[in-house]
Amino acid sequence: MSHLCQELTSIIRCCLVEAEKRQMASLSFPAIGTGNLSFPRALVSKLLLREIRSFSSSRNPRCLREVVIVVHPSDSQTVDCFTQEFTGQRNVQHERHDFNELPVQQPVSQSQHSSDTFGPVLSTSLGVYQMQMGQLALEVSSGDITKETSDVIVNSSNQTFNLKAGVSKAILDGAGITVERECAQFVSSMTQPHAMILTSAGQLPSRNIIHIVGQNDPGNIKDMVYSVLKFCEENKFSSVAFPALGTGQGGASPSAVADAMVDAVVEFVRKKQPRFVQSVKILIFQTAMLNHFHMSMKKRQGETVEEKSVFGKFKESFRQFMSGLVSGSDQSSSVDLVLEKEEFEPTVFQLCADDNKALSEAKKRINDLIVAEQAQKTISDPFISQMSQADMEELKALQRKLTVSIRLDKGAEDQDPKIHLEGLTRDVFTAESALRDIIRKVERAENSKTQALLVSSLVEWQYPNHSGSMVPFDIYTNLKLEEALEKKQKVKIKINNEMYTADPGLRKAVSAKRPPMELFRKDMKDDTALPLPSCWEDMKGDLVKLFALTQGSQEYNDVEQELTKNRLRVNIISVCSVPNTRSRL
């Protein structure tokens, strides 16, 4: 139960911090967790009031002025619990309580924070990852840092702080000439080099800009981020936004930079126990890097990533709430050995309404909106089983690129394998088109291989090597030569890695760099080798032709007996014979 309390506490704190960060004046809580999750009402009321008061006293919020706890009047037990919790500490006159009127409670000690310092990585919307680290909230998202409204944004520059390339150019151009002059004046007055300077933000929406000397070594990047955070705390800045340092012209590895920047924030929280810095943002201009930062944040969740946390229960509750929207598949037949399924954090809705009708209408409206943007598709094809690991890697890359989950289902012995697609409608359609292209490529390759093997059993094309010995061509070149002979055409082939133009009719191949090469065609089935069955028919000059055997005939019975001798259960649709071009009876 203590672990669940910590998770619920983390969610309440995250909501309060996010409301203040977004400059909201008011925030409403339901009796969170007392419904389907069956949390004790007394515990929830105690945690909610404790965290609201702690936030008010320790953070001194500038924007958030009102927190409302909404309890349905018909839920008398919950109303009584909250009433008792309020009256146990003050007289309750109204449902609504102003932040500034709440009695000050002793701030929660740092030791209390340390046990759940790093909360779960939450995804409030697509491409936005948030993580609560004690009193500090870390957010990684894709975006334009010049549009950021934080107290401070960070500009990675050069030693003279006048770099105008990449993100630095965008920042200086957006800030205007005033900031450039501030940088120049600061540099001219320096008696020794500085690692960072502070200027105004000029025409940008942020309040200040910290210009730093750019780094491309992950160790130096970590030290620089830590120094910036320490500077912000000393100057009582509450929010700061970084770009992905060193990943532009610096050429640093995105994965190494992600670890370095997240580690710096962790070290800052643990060593400095910040009182003023409440929000740290890392804005990624190239969205492909988001996954590196997301994975680095997940490493800091500790063991809670694998445990069934209260947030995980919220996700499960949401899936049940939205039942029928996305139907699950039988996982017993799913095999994810070669194709990893991409998981996406769902959004959690908690609805409160005056009556069941209004609640049902709200639920239906949310369902309709999600269905309009979400799609599922299942593709079944026998050639999926013939896909190579390279094909699977191509699907993995597609999965990372698009907002779509791709899952391989091997199926039962008597069923074709399937691939399930799920995600945003436009991305599912894109993934389906790419997947069908891969399957058709595999099908063409398998058909070509089958045909090449068949022809190689009938005809073998050869060429002499330097010693005069005959060397057979590979089965695909063998097929090309035989098809060219039938069509009376020339064809390009390779002999000893040299390109030749072959004329199968003349049994010659010529090259611009090598002497002409003589070709030989060997029949693998000779007329005199074995007597041909009397039931074979004239092929009329065709290379390959199928003849259906009559049920009950000797050949038909022989095939049927061969198929069933190992006690296999088979359903014979038809049996055909494949004579060669020499069989003209």
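Cut-offs used in this document
Residues numbered from 1 in each chain as written. Predicted model: local features only at pLDDT ≥ 70, side-chain atom pairs only at ≥ 80, totals over all residues. Heavy atoms only, no water. Helix = DSSP H or I, 4+ residues; strand = E, 2+ residues; numbered from the N terminus. Buried < 20%, exposed > 50% of the residue type's maximum accessible area, 1.4 Å probe, protein only. Contact = heavy atoms within 4.5 Å. Areas by Shrake-Rupley, 256 points an atom, 1.4 Å probe, with all protein chains shown as cover. Pairing = 2+ DSSP bridges. Axes fitted to C-alpha atoms, helices over the stretch in contact; angles between N-to-C directions. Patch = residues over 30% accessible without salt bridge, like charges linked within 9 Å, V, L, I, M, F, W, Y side chains within 5 Å. Salt bridge = Lys/Arg side-chain N within 4 Å of Asp/Glu carboxyl O. Arc of directions from axis to C-beta. Right-handed = clockwise from strand over helix to strand, strands pointing away. Parallel < 35°, antiparallel > 145°, perpendicular 65-115°, else oblique. Left-handed = near helix turned anticlockwise from the far one by under 90°. Nonpolar A, V, L, I, M, F, W, Y, C, P; charged D, E, K, R; others polar.

**Considering the overall build of the protein chain**
Right, so step 1: Summing up its helical and strand segments, the protein chain has 15 helices and 23 strands in all.
Right, so step 2: A buried classification covers 41% of the 585 residues belonging to the protein chain.
Right, so step 3: Restricting to contacts in the protein chain with at least 6 residues of sequence separation, those with at least 24 account for 67%.
Right, so step 4: Total accessible area computed for the protein chain in this model is approximately 32800 Å², and 49% of it derives from carbon and sulfur atoms.

**Comments concerning the sheet that holds strand β14 (residues 418-424)**
Right, so step 1: The three strands are arranged β12-β14-β13 in an open sheet whose pairing can be described as antiparallel. Edge strands, defined here as strands with exactly one partner in the open sheet, are β12 (374-380) and β13 (404-409). With strand direction ignored, the average angle separating the axes of adjacent strands in the sheet is 15°.
Right, so step 2: In the sheet, β12 pairs with β14 via seven bridges, with the strands oriented antiparallel. Its bridge partner lying in β14, S380 is registered against K418.
Right, so step 3: The strands touched by helix α11 (residues 356-373) are β12 and β14; relative to β12, the strand with the most contacts, the crossing angle is about 45°.
Right, so step 4: Across the sheet, helix α13 (residues 425-456) is in contact with β12, β13 and β14; its angle to β14 comes to roughly 155°.

**Overview of the side chain of S10**
Right, so step 1: Note that S10 resides in helix α1 (residues 2-21).
Right, so step 2: Setting aside its immediate chain neighbours within four residues, S10 contacts G119, P120 and Q132.

**Regarding a nonpolar patch on the surface**
Right, so step 1: A surface patch of nonpolar side chains, amounting to about 200 Å² of accessible area, comprises F349, L351 and L359.
Right, so step 2: Following the sequence through the fold, L351 ends up in the loop between α10 (310-321) and α11.
Right, so step 3: For L351, a relative accessible area of 30% puts it in the partly exposed group.

**Some points on unusual backbone geometry**
Leave glycine aside and you will find that most residues have negative phi; peptide bonds, for their part, are mostly trans.
Right, so step 1: Even without being a glycine, Q273 presents a positive backbone phi close to 45°.
Right, so step 2: Secondary-structure assignment places Q273 in the loop between α8 (254-272) and β11 (279-284).
Right, so step 3: The class of Q273 is partly exposed, set by a relative accessible area of 38%.
Right, so step 4: The phi dihedral of N497 falls on the positive side, at around 65°, and the residue is not glycine.
Right, so step 5: Within the element layout of this structure, N497 appears in the loop between β17 (491-495) and β18 (498-503).
Right, so step 6: With a relative accessible area of 72%, N497 lands in the exposed category.

**Points about the sheet that holds strand β20 (residues 517-518)**
Right, so step 1: Taken in spatial order, the four strands line up as β17-β18-β19-β20 in an open sheet, and their pairing is antiparallel. Among the strands making up the open sheet, the edge pair consists of β17 and β20.
Right, so step 2: Taken together, the five bridges between β17 and β18 define a ladder with antiparallel strand orientation. Its bridge partner being in β18, V491 is matched across the sheet by A502.

**So, the pairing of β17**
Right, so step 1: Only one face of β17 is covered, namely the face carrying V491, I493 and I495; the face carrying K492 and K494 is uncovered.
Right, so step 2: Linking β17 to β18, which pair antiparallel, is a turn of two residues; within it N496 sits at a positive phi near 55°.

**Quick look at helix α5 (residues 166-175)**
Because the α-helix completes a turn every 3.6 residues, residues three or four places apart line up on one side.
Right, so step 1: Along α5, the residues that are buried comprise S168, I171, L172 and A175. Buried residues of α5, seen end-on, are gathered within an arc of 90° and therefore sit on one face of the element.
Right, so step 2: Buried residues along α5 sit against β7 (152-157), α6 (177-189) and β9 (208-213).
Right, so step 3: G176 sits one or two positions beyond α5 and adopts a positive phi of about 100°.

**Comments concerning the pairing of β11**
Right, so step 1: Taken across its six residues, β11 has six buried, putting it largely inside the fold.
Right, so step 2: Every second residue of β11 is oriented toward a common face, with S279, K281 and L283 on one face and V280, I282 and I284 on the other, all of them buried.
Right, so step 3: Relative to β11, strand β6 (residues 136-142) runs parallel, the two being bridged by six bridges. Within the sheet, the bridge partner assigned to E139 lies in β11 and is K281.
Right, so step 4: The pairing of strand β10 (residues 239-243) with β11 spans five bridges and is classified as parallel. Looking across to β11, one finds that F242 is bridged to I282.
Right, so step 5: Taken together, β10, α8 and β11 constitute a β-α-β crossover, and its handedness is right-handed.

**So, the packing of helix α7 (residues 218-234) against α8**
Right, so step 1: Put simply, α7 and α8 touch, their axes get as near as 8 Å, and they point 40° apart. Accordingly, the angle class assigned to the pair α7 and α8 is oblique. The way α7 lies across α8 gives a crossing that is right-handed. When α7 is examined against α8, the residues P218, I221, K222, V225, Y226, L229, K230 and E233 are found in contact with a partner set consisting of A256, V257, A260, M261, D263, A264, V265, E267, F268, K271 and K272.
Right, so step 2: Residue classes in the contact of α7 with α8 are distributed as 12 nonpolar, no polar and seven charged.

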